[in-house]
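Coordinate analysis (summary)
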Amino acid sequence: MQLWRVIWRKVIWRKFSTAQSLCIGLLTLLLASCTEPPALQHQVYIWQRQWTEQHPAVLAQSKKDFNALRVLAMQIDLPDGTYLWQQSRVDLTALQQDGRPVIVVVRIDGTITELQHLSIAWTLKPLLKRWQDAGVKVAGVEIDYDSPRSQLPLYQVWLKQLKTNLPNDLPLRITALPDWLLAGEFPDLLSAVDGITLQLHSILSPEQGLFDVDVAKAWVRQLQVWEPKSFDIALPAYHSALIAAPTSKSGYVVESEVPIASQGERREMYVDPASVAEFLDWLQQTQPEGLANVVWFRLPMPQDKRAWPLPTLQAVIQQQPLAANIELSITGDAPLFELVAKNTGNTPGVMPELIDLLGSNCSGMDPLADYVLQQTGDDISLKRSKNLGLAAGQQLKLGWFRCQTLQLD
């Protein structure tokens, strides 16, 4: 074979190999661009200070949704100038049987500013040992403290001291306020702990509500400036109420997971599940670097009337379509009937403004739940007197009727 032919074939082969490599590279990029981003990981706070016999059942129902549990174990307040320590009555057997990793949460009231006088290791260490001896998979400690920005240097020193008094194999985490992201000391605070949970709810003034999608996105972008190695995001699955309190400095108090016995005027502050779902979809698509978990506040319990029902929270997490489905039914037999409404959907719904019924030989009736009765002969109507919502899975009695027959018209 002539030399020029050998050289020509080598040149052609090299060009072909280069082109082949480029094509493979482009194909890889195209396939990567078509691949769905990995699913977000979810955890949940359990914020009840008194566990009940209902907790094991709710834990079982939520097991597929959350990879770990964050359990309020202890709270420290300063009501009258002296420290008040309260340990939650947690069902350790239920946690052991559940088997998921547990992060022990210590809540320190934000009115406590002189942290140098507060030592918690002497109480926390035996608590951790007791939980571990009970078979609970303790995976870390989280300090929930709303420190003023001016106190962050002191908080950092306090955290470093606490970390030296905890077992080396237990990560120390903190919740973080968006306000801290503007502090020059924030990187030093990051270096003092093993991870942070950026709280994106109940941060705005109460007049602005509990959660804002655009503001939450801005806070996540701001956190990215500091390039944290790993962080979590806390999102709301509850609503609150503002209760007028003239003696309070702000003129109101906030009712959330703990009911407040007050006759003051109430203004409900709802979090629309659709808005949180929108933010969650943004997280899923953007996949912020360093994001490890979305942590939900809080695990819904049957007696917790301000938490989203579990079907609503599950629908948001699983990114299912959100819809209410309010069904009306008549129960009972002549001569006593009840009108019942039930929301079989996965999000709160508004009750019908007008409900028409057809009865016969009616001798008595009593509307309930903010409906006003209207009757003309056998035609019966219930007119809603004000906006009335019905949570997912909730059932509501609307009235009883003493009739020979009764049906929805």
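Notes on the structure follow. (Residues numbered from 1 in each chain as written. Predicted model: local features only at pLDDT ≥ 70, side-chain atom pairs only at ≥ 80, totals over all residues. Heavy atoms only, no water.)

What about the overall build of the protein chain?
For clarity, the cut-off: For helices the rule is a DSSP run of H or I covering at least 4 residues; for strands it is a run of E covering at least 2, with both sets numbered from the N terminus onward. Within these notes, the globule rule equals 2.2 Å times the number of residues to the 0.38 power, and the radius of gyration is based on C-alpha atoms. Only protein chains enter the accessibility calculation, which uses a 1.4 Å probe; a residue whose area is less than 20% of its type maximum is buried, one above 50% is exposed, and one in between is partly exposed. Every accessible area reported is derived by Shrake-Rupley at a probe size of 1.4 Å, with residue values counting cover from the shown protein chains alone.
Per the secondary structure count, the protein chain includes nine helices and 22 strands. Over its C-alpha trace the protein chain gives a radius of gyration of 28 Å, far above what one expects of a compact globule, namely 22 Å for 409 residues. In terms of principal-axis extent, the alpha carbons of the protein chain reach across some 110 × 70 × 40 Å. Relative to its 409 residues, the protein chain shows a buried fraction of 44%. Accessible area of the protein chain: about 21400 Å², with a carbon and sulfur share of 53%.

Here's the deal with the packing of helix α8 (residues 273-286) against helix α9 (residues 310-317)
Filter applied, for reference: Structural elements are reduced to axes, namely lines fitted to C-alpha atoms, with helices fitted over the stretch in contact, and the angle between N-to-C directions of any two is expressed from 0 to 180 degrees. For classification, angles of less than 35 degrees are called roughly parallel, those exceeding 145 degrees roughly antiparallel, those between 65 and 115 degrees roughly perpendicular, and all remaining angles oblique. Helix crossings fall into two classes, left-handed where the near helix is turned counterclockwise from the far one by less than a right angle and right-handed where it is turned clockwise. Note on contacts: a residue pair qualifies if any of its non-hydrogen atoms lie within 4.5 Å across the two residues. Amino acids are sorted into nonpolar (Ala, Val, Leu, Ile, Met, Phe, Trp, Tyr, Cys and Pro), charged (Asp, Glu, Lys and Arg) and polar (every other residue, Gly among them).
Contact geometry of α8 with α9 gives a least axis separation of 9 Å together with a crossing angle of 30°. Considering the angle they form, α8 stands roughly parallel to α9. As α8 packs across α9, the resulting crossing turns out to be right-handed. Residue-level inspection shows Pro273, Ala277 and Leu280 of α8 in contact with α9, the latter providing Thr312, Val316 and Ile317. Per-class residue counts for the contact of α8 with α9 are five nonpolar, one polar and no charged.

Some thoughts on the sheet that holds strand β13 (residues 326-333)
Definition in use: Two strands make a pair as long as DSSP finds a minimum of two bridges between them.
Taken together, four strands build an open sheet; the order of strands is β13-β14-β21-β17 and the sheet is antiparallel. In the strand order of this sheet, the two ends are held by β13 and β17 (364-367), each with one partner. Mean inter-strand twist for the sheet, computed between neighbouring axes without regard to direction, equals 20°.

Describing helix α5 (residues 152-164)
Applied cut-off: In a helix, the anticipated span is given by 1.5 Å times the number of residues less one. Comment: arc refers to directions from the helix axis out to C-beta atoms.
Look at α5: 19 Å from first C-alpha to last across 13 residues, which is about the 18 Å you get at 1.5 Å a residue. All of the buried residues in α5 are Leu152, Tyr155, Gln156, Trp158, Leu159 and Leu162. Along the axis of α5, the buried residues cluster in a sector spanning 165°; they form a single face. Facing away from the buried side of α5 by more than 90 degrees, the exposed set consists of Val157 and Thr164. Here the buried face of α5 lies against β4 (102-108), α4 (121-133), β5 (138-145), β6 (172-176) and α6 (186-192).

Examining the sheet that holds strand β18 (residues 371-376)
Strand order in this open sheet of four strands is β18-β19-β16-β22, and the pairing throughout is antiparallel. Two strands in the sheet have a free side with no partner beyond their single neighbour: β18 and β22 (405-408). Strand-to-strand twist of the sheet, defined as the mean angle between neighbouring strand axes without regard to direction, takes the value 25°. Two elements, β18 and strand β19 (residues 379-384), share six bridges in a ladder whose sense is antiparallel. Pairing of Thr376 across the sheet is with Asp379, part of β19.

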